Amino acid sequence: MAVETLQPTPTTNQQRRRPGTKNRKPKSWKLPKTPGGWVVLAICTIATLGMLVPVYVIVATALSGGHGAPNFFLAFPDAPSLEAFKGAWTKLHGSLANSLQITIPAAVISCLLGSINGYLLSKFPFKGSSALFTVLLVGMFIPFQAVIIPVFQFLNMLHLQGSILGLIVVHIIYGIPITTLIFRNYYEGIPSAIIEAAAIDGAGIWRTYTRVMLPLSVPGFVVAGIFQCTNIWNDFLFGFILASPASWPATVTLNNLIGTTTVNYSELMAGAVLVAAPTVLLYLVLGRFFVSGLTAGAVK
Amino acid sequence: MRTSFRPPASAGLRPKKQVPHNVKTSRRAAWIFAPSLLVSFVFVYVFIGVTVYISLSNWKIGTSPNLSLREPFGGTYGEIIQEQRFQADIRNVVIFTVIFLVLAILGGLVAALFIHHVAVGKGLFRTVFLLPYALSFIVTGVAWRWIFSPSTGVNQILRNLGIENPPGWTTDTTVLGALNDPTGTDFLKVQFGIPVALLPIIFAAGWQLVGFAMAMYLAGLASIPEEHLEAASVDGANTWQRLRHIVLPQLWPSTITCFVLLLHVALKIFDLVVAMSGSGPGFVTDVPGIYIYNYLSSRYDKASAMAIILLLLTLAVIVPYLIRGYRRERKA
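Owing to the predicted nature of the structure, the values given are computational and were not obtained by experimental measurement.

On to the overall build of chain B, then. Check the secondary structure of chain B and you find 13 helices and two strands. Taken over C-alpha atoms, the radius of gyration comes to 25 Å for chain B, far larger than the 20 Å a tight globule of 332 residues would show. Taken over the C-alpha atoms alone, chain B extends approximately 75 × 70 × 35 Å along its principal axes. Long-range contacts, defined as pairs at least 24 residues apart, comprise 66% of the intrachain contacts of chain B with a sequence gap of at least 6.

Okay, structure coming up:
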């Protein structure tokens, strides 16, 4: 499924003209023709506005200034100000930098490993490889609480406990199953004839990978990269348990802003905007690949 | 390196697969794959084994390991299942999972059906519905904590609608439709029913993940051949009949995928509850994830036992799903 969504679906002109089939290009801006069509449009609009309410609440509250919070969650501030963002930035910028330092290397390395594994599993299947792959996939679904004590002790042994490097290592290791799955599905869609041709020319496994497969893998890397960046940036559990204050990712610091007695909601919401911004931007700019990653994460 | 294309003898190859290559190449592939597999094996299977062992041991504080086995065998499990907190956690995670799954899957299905058929703005509607999925559970959690905060949140609207005493939401200890009333001497120490305090958390989780279900269903809808629907129309089937007999059956695979993936998210729920309420009064919003986290500082054995119970719940769903995927692949 993943691979299909990555590649443009071939549409013949004949198909395109037939009424009733969805035609993506040229974009149709035709208004509904039937009363039923208008009802569908109205329901979609209302539901979508409903989905946007929490987004509005976050932004409106974040703009309400640096002193506490408005008296009502739906209120839009009379005098919108960025004051709350100043406070949130002061508390969060270190953690945002940590999140970036954790996310980028962990996503890059786990994607590379996943790409190599996916290539081997799809193009050079060996005896028992699909069973081993299934065994590997279990790692994608386990609750991490079931391994957190050994992971903690392991990082302690290596003196990586509480460090950014320790978090990177953990994210890479637990990222291998999902990236392997995404790349395996992706490479299944690349014709094996290409590999055969490279083999005839005398290229071995590695040479075929670096010279033939890697150049063809850009869409796969975009999908897996977005998926991993979002997952790792949004992680809370590992950061919460394995990091120290100096290496806290942004999600942990945001959660700590809640405090114990009173909550400064305008600052909290400004913080939420800062933490959400990178993944939301990634989603809005590369939405198509984001959806591909979603369906790729589903075992068929 | 010369690669011969003679069909491989027997060892280590599945001849039906595409690439003709020799045993040597295949072995090499296995060796390159081995380190990833080994690392994953250690960090998943071996570490789970370690956790199982800790759950059976006397190890309490992390810094002073005590690896002697607890007497009687499995005593920690016997200890925790009698706790009020453990029972509240099981109730909460079951209620949370059931209501959340119904909400997200039905919501996603309905949203997909409408968005699939809308005349304009399909891309926009889809983008908005999936937007929350890009957020961290902590961001969602703080937003919904604010929306349901008792004095400034939705309760103001409820009061304007004439509801005198709106619920206290995440701090409310009411259990709706309670099946039992524990007296204190019973084995069951919590009321089984729907805790009001869980509802805001369920709404928040539903908001975040309904778009995921929608995306799965939209992918399923796109794969239904238009001809089938046209043929049914020609045969006189109305909209409902087409939905009931053609569309829904073909969406079944999407439903299974949504069900399994969302179920495992629900069982593992942790961040969202931490950000919205924590354990709550009388553990009314406590979940296994928080239980485990709390006991990491004082009782390794109890934290591990709960983690293993959570793992078994997850595997009960995931393993059949993965085996199904594996079988289908072998057939293909």
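Below, the discussion takes up the interface of chain B and chain A. On the side of chain A, 86 residues touch chain B, which itself brings 89 residues to the contact. Its residues assigned to classes, the side of chain B that touches chain A comprises 57 nonpolar, 21 polar and 11 charged.

Attention now goes to the environment of Cys229 of chain A. All names here are of chain A. In this structure, Cys229 sits in helix α10 (residues 218–233). Classification of Cys229 as buried rests on a count of 20 C-beta atoms within 10 Å. On a C-alpha basis, the gap between Cys229 and Leu282 in space is 9.2 Å, while along the polypeptide they are 53 residues apart. Apart from the residues within four sequence positions on either side, Cys229 is in contact with Thr103, Ala107 and Leu282.

Reading predicted coordinates in detail is not appropriate for stretches of low pLDDT. Residues and elements named next belong to chain B. With 93% of its residues at a pLDDT of at least 70, chain B reaches an overall mean of 88. Note that pLDDT drops below 50 for residues 1–19; the model gives that stretch 31 contacts with residues more than four away or on any other chain. Taken together, the chains of this predicted complex give a pTM of 0.88 and an interface ipTM of 0.87.

Core analysis: the largest hydrophobic core is formed by 180 residues, its most contacted members being Val147 and Ala272 of chain A together with Val142, Ala213, Met214 and Leu262 of chain B. The dominant element in this core, judged by the number of residues it contributes, is helix α7 (residues 198–222) of chain B, at 16 residues. Structurally, this core is a two-domain feature, drawing no fewer than three residues from each of domain 1 (35–81) and domain 2 (83–295) of chain A. Excluding residues that lie within four positions of it along the chain, Ala272 of chain A makes contacts with Ile58 and Leu254 of chain A together with Val139, Val142 and Ala143 of chain B.

Turning next to the packing of helix α5 (residues 129–141) of chain A against helix α7 (residues 164–188) of chain A. Each pair of packed helices can be described by the angle between their axes along with the distance between the axes. Residues and elements named next belong to chain A. Contact pair α5 / α7: the axes reach a minimum separation of 8 Å and the direction vectors enclose 120°. Between α5 and α7, the interaxial angle falls into the category oblique. Remark: the crossing between α5 and α7 carries left-handed chirality. Every residue of α7 that contacts α5 at Leu136, Leu137, Gly139 and Met140 is listed here: Tyr174, Pro177, Ile178, Thr180 and Leu181. Counted by class, the contact of α5 with α7 contains seven nonpolar, two polar and no charged residues.

What counts and what doesn't
- Residues numbered from 1 in each chain as written.
- Chains lettered and ligands numbered in written order.
- Predicted model: local features only at pLDDT ≥ 70, side-chain atom pairs only at ≥ 80, totals over all residues.
- Helix = DSSP H or I, 4+ residues; strand = E, 2+ residues; numbered from the N terminus.
- Rg over C-alpha atoms; globule rule 2.2 N^0.38 Å.
- Contact = placed C-beta atoms within 7 Å.
- Nonpolar A, V, L, I, M, F, W, Y, C, P; charged D, E, K, R; others polar.
- Buried ≥ 20, exposed ≤ 12 C-beta atoms within 10 Å, placed from the backbone.
- pLDDT = per-residue confidence, 0-100.
- Core = buried A, V, L, I, M, F, W, Y, C linked by C-beta atoms within 7 Å.
- Domains from an automatic or database assignment.
- Axes fitted to C-alpha atoms, helices over the stretch in contact; angles between N-to-C directions.
- Parallel < 35°, antiparallel > 145°, perpendicular 65-115°, else oblique.
- Left-handed = near helix turned anticlockwise from the far one by under 90°.

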